[in-house]
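This is what each chain is made of:
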Amino acid sequence: QADLQTLATIDGLTGVYNRREFNRWLHIEIEQARRESHSLSLVMVDIDYFKRLNDKHGHQSGDIALRWIGALLSENVRPGDIVARYGGEEFAIILPQTTEIEALVIAERIRQSIETQPVEVLNQQLLYVTASLGLATFPEETRDEEELLRQADCALYRAKQAGRNQVQHAGKIPV
Ligand code: C2E
Ligand code: C2E
């Protein structure tokens, strides 16, 4: 039985934090990073060709894929990291005390983890999906929450443009 607090903070479909709770945590964690002078990274994860999956296999299978990604993301990061559903097929991960290079390692681990294992949708069908990831780091390239979100989104857009199933980042460090 979910209590009211849970209903208000958790995305009903996937079980990870909802967008409102994500915004609340991002604010808290940025203030903390500012006070303690350490880095914070934000990773945006967007499932590739999700609409095609929905059209081809149905919305129920789409929902199963979303739940699977939510669980996979949660299992692949540490307890202090914050996983949320940001929009339709887009997820966000706040990585407190994490530099851009560390975030790249984590994002790449997540990308591979999605690519290499299938999700079982309706009728025991096994589907392989991929995701595109964009990340940005505070305070290296960004001064505030809005800029961090914008930069991570921009990196995600570049990952899509460059062919999907890849990680792009806002900073200048070579990978
Ligand atoms: P956890 O801290 O909740 O991490 C969950 C999963 O996130 C890990 O599962 C791993 O897949 C990924 N992960 C987290 N941090 C790292 C990292 O620095 N590098 C890599 N490559 N992956 C990471 P895994 O590996 O099955 O570990 C399960 C649990 O065992 C972890 O849960 C943690 O509690 C513990 N653990 C495993 N290795 C270490 C370690 O080297 N040091 C510490 N302190 N705990 C560890
Ligand atoms: P690594 O996998 O190359 O990770 C390098 C550093 O990235 C880690 O240094 C940590 O600062 C950061 N990092 C990696 N994954 C995560 C994550 O899921 N969440 C957060 N918040 N930070 C992450 P650290 O802690 O000194 O760990 C050194 C190495 O120890 C890791 O190198 C990895 O080889 C191993 N390790 C530590 N914890 C785990 C774990 O839970 N599972 C596994 N499989 N390996 C771990």
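Residues numbered from 1 in each chain as written. Chains lettered and ligands numbered in written order. Predicted model: local features only at pLDDT ≥ 70, side-chain atom pairs only at ≥ 80, totals over all residues. Heavy atoms only, no water.

(A) Structural context of the overall build of the protein chain. The number of helices and strands found in the protein chain is six helices and seven strands. Counting helices and strands in the order they occur from the N terminus, the protein chain gives α-α-β-α-α-β-β-α-β-β-β-α-β. For the protein chain, whose C-alpha radius of gyration is 16 Å, the value lies close to the compact-globule estimate of 16 Å for 175 residues. The principal-axis extent of the C-alpha atoms belonging to the protein chain is close to 50 × 45 × 25 Å. Per-residue burial for the protein chain yields a buried fraction of 50% across its 175 residues. Nonlocal contacts in the protein chain, meaning residues at least 24 apart in sequence, comprise 67% of its contacts between residues at least 6 apart. Roughly 9,300 Å² of accessible area belongs to the protein chain as shown, and the carbon and sulfur atoms make up 49% of that amount. Of the side chains in the protein chain, 19 bear a positive and 26 a negative charge, and the two mean positions are spaced by 3 Å. (Helix = DSSP H or I, 4+ residues; strand = E, 2+ residues; numbered from the N terminus. Rg over C-alpha atoms; globule rule 2.2 N^0.38 Å. Buried < 20%, exposed > 50% of the residue type's maximum accessible area, 1.4 Å probe, protein only. Contact = heavy atoms within 4.5 Å. Areas by Shrake-Rupley, 256 points an atom, 1.4 Å probe, with all protein chains shown as cover. Lys, Arg positive; Asp, Glu negative; His and termini not counted. Charge placed at Lys NZ, Arg CZ, Asp CG, Glu CD.)

(B) View of the pattern of salt bridges. Going through the model one piece at a time under the given rule, you end up with nine salt bridges. With a closest N to O distance of 2.8 Å, D48 and K160 form a salt bridge. Here the residue D48 occupies a position in the loop between β1 (40-47) and α3 (50-57), and K160 occupies one in helix α6 (residues 145-161), the gap between them amounting to 112 residues. Classification of K160 by relative accessible area gives buried; the value is 16%. R143 serves as the salt-bridge partner of E147, at 3.0 Å between the closest nitrogen and oxygen. On the basis of relative accessible area, R143 is assigned to the exposed category, the value being 62%. What you see here is one network of salt bridges that share partners, running through D46, D48 and K160. (Salt bridge = Lys/Arg side-chain N within 4 Å of Asp/Glu carboxyl O.)

(C) Inspection of the nonpolar core at higher detail. Ranked by size, the top nonpolar core spans 31 residues in total, and within it V45, L73, I93 and I114 carry the most contacts. Within the residue set of this core, elements represented by two or more residues are β1, α3, α4 (59-75), β3 (90-96), α5 (100-116) and β6 (131-138). For I93, the contacting residues outside a window of four places in its chain are S41, L42, V43, V45, L73, V77, I82, V83 and I110. Of all hydrophobic cores here, the second largest spans 19 residues; its members include F22, Y86, A92 and A170. (Core = buried A, V, L, I, M, F, W, Y, C linked by side-chain atoms within 4.5 Å.)

(D) View of the site of ligand 1. If you check the shell around ligand 1, you find E75, N76, V77, R78, P79 and R109 and nothing else. Within the backbone of N76, an N or O atom sits 3.3 Å from an oxygen atom of ligand 1. A distance of 2.9 Å separates a nitrogen atom of ligand 1 from a polar atom in the side chain of R109. Look at ligand 1: alone it shows 780 Å² of surface, and the protein chains cover 28% of it. A class-by-class count of the residues in the shell around ligand 1 yields two nonpolar, one polar and three charged. (Near = heavy atom within 4 Å. Polar contact = N/O pair within 3.5 Å; in protein donor to acceptor, adjacent residues only side chain to side chain. Nonpolar A, V, L, I, M, F, W, Y, C, P; charged D, E, K, R; others polar.)

(E) Layout of the packing of α4 against α5. Between α4 and α5, whose axes approach to 11 Å, the crossing angle comes to 140°. Considering their axes alone, α4 and α5 lie oblique with respect to each other. In this structure, α4 crosses over α5, and the sense of that crossing is right-handed. Facing W68, I69, L72 and L73 of α4, the residues of α5 in contact are I110, S113 and I114. Residue composition of the contact of α4 with α5, grouped by class: six nonpolar, one polar and no charged. (Axes fitted to C-alpha atoms, helices over the stretch in contact; angles between N-to-C directions. Parallel < 35°, antiparallel > 145°, perpendicular 65-115°, else oblique. Left-handed = near helix turned anticlockwise from the far one by under 90°.)

(F) Structural view of the packing of aromatic side chains. Evaluation of the coordinates by the stated rule reveals one aromatic pair. R19 extends its terminal NZ or CZ atom over the ring of Y86, reaching a point 3.9 Å from the ring centre. Between the NZ or CZ atom of R52 and the centre of the ring of Y49, over which it lies, the distance is 4.3 Å. (Phe/Tyr/Trp six-rings, centres within 6.5 Å; stacked < 30°, edge-to-face > 60°. Lys NZ or Arg CZ within 6 Å of the ring centre and 35° of its normal.)

So yeah, pure geometry; function would need other evidence.
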